[in-house]
Amino acid sequence: MSGAGGRMGRTIIALSRRTHSPEGKSFELVGALERPDSSLLGLDAGVTAGVGPLQIAISDQPGLALQQAQVVIDFSSAAGALAVAAACADRGVALAVGATGLSAAERARLEGFAARIPLLISPNMSLGVNILFRLTEIACKALGPGFDAEIHEVHHRFKRDAPSGTAMRLKEILLRELSREEGDVVYGRSGEPGPRGAAEIGIHALRGGDVVGDHTVYFFGDGERVELTHRASSRETFAAGALRAAAFLADQPPGLYAMKDVLGI
């Protein structure tokens, strides 16, 4: 587990102790990674995750942590994901990356490792969110450019990036399916922006409280609107998806995969 001390890392470690994949596979933690300046280095990963001692010390050395690994799940950072991907490629270990905030250049570098290992990159591994991605594609094709598309997301007060990685993925889908450009995207509105442009796509981010994550894609037409919404009430939603992705990758040849491959959609 890379990012073992973070909220998602701890949740994945805890859930892995009491869940199986749909095929009946069990999970065993064999290594735990954190950034070099983490105050958790040397601590037992099971203790930090609240499940009791697992005799796995949190390390900042990928080479040591990956020695017995079949698959790595990464919820660290862009820099952390790239470092872990390089170590995985050297050892032939599959990798599922859930880190968000990747720049286009960082994503391109990360995708390059897919030539050597099974690699999955997803800003959100929730099974429901990935159904939302697919439904958004279907809605774009069915409704066409005559409907105005907007994205709205809500997260807890501690989230660092905005818009969320999931909202950015939804934006990518809208741009592709509606033949729009990045210049058509408006990140929030203020002042007097004037009438909404026909090609405009708005993205709006709210932060507060302990909201795990809400995402809605709106399609506004004349006299009607369609709303596609996913609401997460527990981080275990994302952890379960990450574990399912890991189980899937364990049986795959090198290549670049997505959650749609895991779900078969």
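Residues numbered from 1 in each chain as written. Predicted model: local features only at pLDDT ≥ 70, side-chain atom pairs only at ≥ 80, totals over all residues. Heavy atoms only, no water.

Caption draft 1: Expanded view of the overall build of the protein. On a plain count of helices and strands, the protein comes out with nine helices and 11 strands. Taking 18 Å as the expected radius of gyration for a compact globule of 265 residues, we find that the protein reaches 19 Å, a close match to that expectation. Long-range pairs, those at least 24 residues apart, make up 67% of the contacts in the protein between residues at least 6 apart in sequence. Of the accessible surface of the protein, which amounts to about 12,800 Å², a share of 49% is contributed by carbon and sulfur atoms. Of note, the protein has its 27 positive side-chain charges centred 3 Å away from the centre of its 30 negative side-chain charges. (Helix = DSSP H or I, 4+ residues; strand = E, 2+ residues; numbered from the N terminus. Rg over C-alpha atoms; globule rule 2.2 N^0.38 Å. Contact = heavy atoms within 4.5 Å. Areas by Shrake-Rupley, 256 points an atom, 1.4 Å probe, with all protein chains shown as cover. Lys, Arg positive; Asp, Glu negative; His and termini not counted. Charge placed at Lys NZ, Arg CZ, Asp CG, Glu CD.)

Caption draft 2: Here's a closer look at the nonpolar core. Core analysis: the biggest nonpolar cluster contains 34 residues, and Met-1, Ile-12, Ile-13, Ile-73, Phe-75, Leu-120 and Met-125 have the highest contact counts within it. For this core, the secondary structure elements donating two or more residues are helix 1 (7-16), strand 4 (94-97), helix 8 (236-249) and helix 9 (259-263). Per-element accounting of this core gives the leading share, nine residues, to helix 8. Contact partners of Met-1, with chain neighbours within four places excluded, come to Gly-9, Ile-12, Ile-13, Leu-29, Gly-31, Ala-32, Leu-33, Ile-73 and Phe-75. Core analysis: the next-biggest nonpolar cluster, separate from the first, contains 22 residues, Ala-65, Leu-66, Val-72 and Ala-87 among them. (Core = buried A, V, L, I, M, F, W, Y, C linked by side-chain atoms within 4.5 Å. Buried < 20%, exposed > 50% of the residue type's maximum accessible area, 1.4 Å probe, protein only.)

Caption draft 3: Summary view of the packing of helix 4 (residues 78-91) against helix 5 (residues 104-111). Two numbers describe how helix 4 lies on helix 5: the axes approach to 10 Å, and their chain directions differ by 15 degrees. On the basis of their axis angle, the class for helix 4 and helix 5 is roughly parallel. When the axes of helix 4 and helix 5 are compared, the crossing they make is left-handed. Here Ala-78, Ala-81, Leu-82 and Ala-85 of helix 4 lie close against helix 5, whose contacting residues are Glu-106, Arg-109 and Leu-110. Its residues assigned to classes, the contact of helix 4 with helix 5 comprises five nonpolar, no polar and two charged. (Axes fitted to C-alpha atoms, helices over the stretch in contact; angles between N-to-C directions. Parallel < 35°, antiparallel > 145°, perpendicular 65-115°, else oblique. Left-handed = near helix turned anticlockwise from the far one by under 90°. Nonpolar A, V, L, I, M, F, W, Y, C, P; charged D, E, K, R; others polar.)

Caption draft 4: Structural view of the sheet that holds strand 4. On the basis of which strands lie adjacent, the open sheet formed by four strands has the order 3-4-5-11 and parallel pairing. Either end of the sheet is taken by a strand with one partner, and the two such strands are strand 3 (71-74) and strand 11 (255-257). With direction set aside, neighbouring strand axes in the sheet form an average angle of 15 degrees. Across three bridges, the pairing between strand 4 and strand 5 (residues 118-121) is parallel. Bridge pairing in strand 5 places Leu-95 opposite Leu-119. Running over the sheet, helix 4 touches strand 3 and strand 4 and is turned about 165 degrees from strand 4. (Pairing = 2+ DSSP bridges.)

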